Amino acid sequence: MYIPYGRQYIDDKDIEAVVEVLKSDYLTTGPKVLEFEKRVADYVGAKYAVAVNSGTAALHIACLAAGIKEGDEVITSPITFAASSNCVLYCGGTPVFADIDGDTYNINPEEIEKKITDKTKAIIPVHYTGQPCDMDRITELARKHNLLVIEDAAHALGASYNDKRIGSMSDMTCFSFHPVKPITTGEGGMVVTNEEELYKKLLLFRSHGITRDDELMTENQGGWYYQQLELGYNYRITDISCALGLSQMDKLEGFLERRQEIADTYNQAFSYVKGIKIPTQTRVARSGWHLYMIWVEPSRRKEIFDGLRKLGIGVNVHYIPVYKHPYYQNNGYLNCCCENAEKFYKGAISLPIHPSLTEEQQKYVIDKVIELVG
Ligand SMILES: *Cc1c(COP(=O)(O)O)cnc(C)c1O
């Protein structure tokens, strides 16, 4: 038996939806892409959506649409997947890491404020584990200093903050549809926005910087005509993927409820266990519960982690502070230090949480964690 920390949930309806597209006229850039974009935009409460072939591509075109370039600084969290800051590097910009809050593990607005300079152009808050960041404070800072906010909501589709869904609030919000994420398209991602100008730029960057839109072109020589206006990419997503995404959207609320149930069960089981710190939840937020973390004494983390792996429990550590990776160390981040992030990393263990985790599996995980910590 092996219990992974995360995995997809696929049923017959998903399979039928994909097969239907395979028999249709369009495998890519067809009706399912638009339908999926509209479905997600309506669900999160955004006007526009651009689906792409990964969450990383979503972050990249969001940074391009934001105009991030050499000399610009973008503030993000060190406790995230490397894509949250790599997207800034792709554009020639400089990621700046602001420390996390020691309780929620999300980026701390006070720390963001300390890092703002006259070069700062944007903030990329990451809703770590699916729990929304302090968006009121982050939005206030962005307004005050004239910065764009690009949310990395790879963990947070369906999460909400003060009754507003993640995706409805900032300049741009990026989602991922990798198999472990809230819903899957195999590989895939999306940027949502409420601003038409950003939407048009996102469309350009998704597909080579090429357009047929008369309003954007400098001239139109005829029905065959198109122009490349920007240096874009091929980040298009297939109709096959989007059909899967649409079918997964039907199940999203159920997935989120199941994740909440699993988190509640873990919280109950561990809240009085000495040696385990359970994740703090703020009252203003509904979490997507993409991850469930426990924090243990750093001196014991490796022994507990190895013990659980040996028992077939696919524990993980999310995340190594991004600037600690050799690439970052070798490219200017040698003296970078976020104290809370480093402390958190040393004791963190993520336990299995996903919609297909059974009650028996969860009970097994809980028993083994308590045995090993005790
Ligand atoms: C998964 C993830 C990404 C990247 O998404 P992909 O679809 O794998 O490219 C970005 N940021 C965070 C926080 C993630 O967890």
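Refer to the structure above for everything that follows.
Here is a short report on the structure shown in this document.

### Thoughts on the packing of aromatic side chains
All told, the structure shown has 16 aromatic pairs when counted by the stated rule. Measuring from ring centre to ring centre gives 5.6 Å for phenylalanine 97 and tyrosine 333, while their planes differ by 70°; the resulting arrangement is edge-to-face. Taken as a pair, phenylalanine 97 in strand E3 (residues 94-97) and tyrosine 333 in the loop between helix H11 (326-329) and helix H12 (339-347) lie far apart in primary sequence, 236 residues in all. Since its relative accessible area comes to 1%, phenylalanine 97 is described here as buried.

### Examining the pairing of strand E5 (residues 148-152)
Burial analysis of E5 places four of its five residues in the buried class, which makes it a mostly covered element. Summarising the sheet, strand E4 (residues 120-124) and E5 pair through two bridges and their orientation is parallel. Counted as the bridge partner of isoleucine 123 is valine 149 from E5. The parallel pair E4 and E5, bridged by helix H6 (residues 135-145), forms a crossover whose chirality is right-handed. Of the pairings in the sheet, the one linking E5 to strand E8 (residues 172-176) comprises three bridges and is parallel in character. By the bridge assignment, glutamate 151 is partnered in E8 with threonine 173.

### Thoughts on the sheet that holds strand E7 (residues 164-165)
Taken together, three strands build an open sheet; the order of strands is E7-E6-E12 and the sheet is antiparallel. Both edges of this open sheet fall to E7 and strand E12 (285-286), since each of them pairs with a single strand only. Relative to E7, strand E6 (residues 160-161) runs antiparallel, the two sharing two bridges. Following the sheet pairing, serine 160 is matched in E7 by arginine 165.

### Observations regarding unusual backbone geometry
Most peptide bonds are trans, and most residues other than glycine sit at a negative phi. Cis geometry marks the peptide bond from histidine 318 to tyrosine 319; its omega dihedral reads 5°. Backbone geometry places asparagine 146, a non-glycine residue, at a positive phi of 60°. Tracing the backbone shows asparagine 146 in the loop between H6 and E5. Residue asparagine 146 is classed as exposed on the basis of its relative accessible area of 70%. Phi at asparagine 162 takes a positive value of approximately 50°, unusual for a residue other than glycine. Among the structural elements, asparagine 162 can be located in the loop between E6 and E7. Since its relative accessible area comes to 33%, asparagine 162 is described here as partly exposed.

Each value, and the rule that gives it
- Residues numbered from 1 in each chain as written.
- Predicted model: local features only at pLDDT ≥ 70, side-chain atom pairs only at ≥ 80, totals over all residues.
- Heavy atoms only, no water.
- Phe/Tyr/Trp six-rings, centres within 6.5 Å; stacked < 30°, edge-to-face > 60°.
- Helix = DSSP H or I, 4+ residues; strand = E, 2+ residues; numbered from the N terminus.
- Buried < 20%, exposed > 50% of the residue type's maximum accessible area, 1.4 Å probe, protein only.
- Pairing = 2+ DSSP bridges.
- Right-handed = clockwise from strand over helix to strand, strands pointing away.

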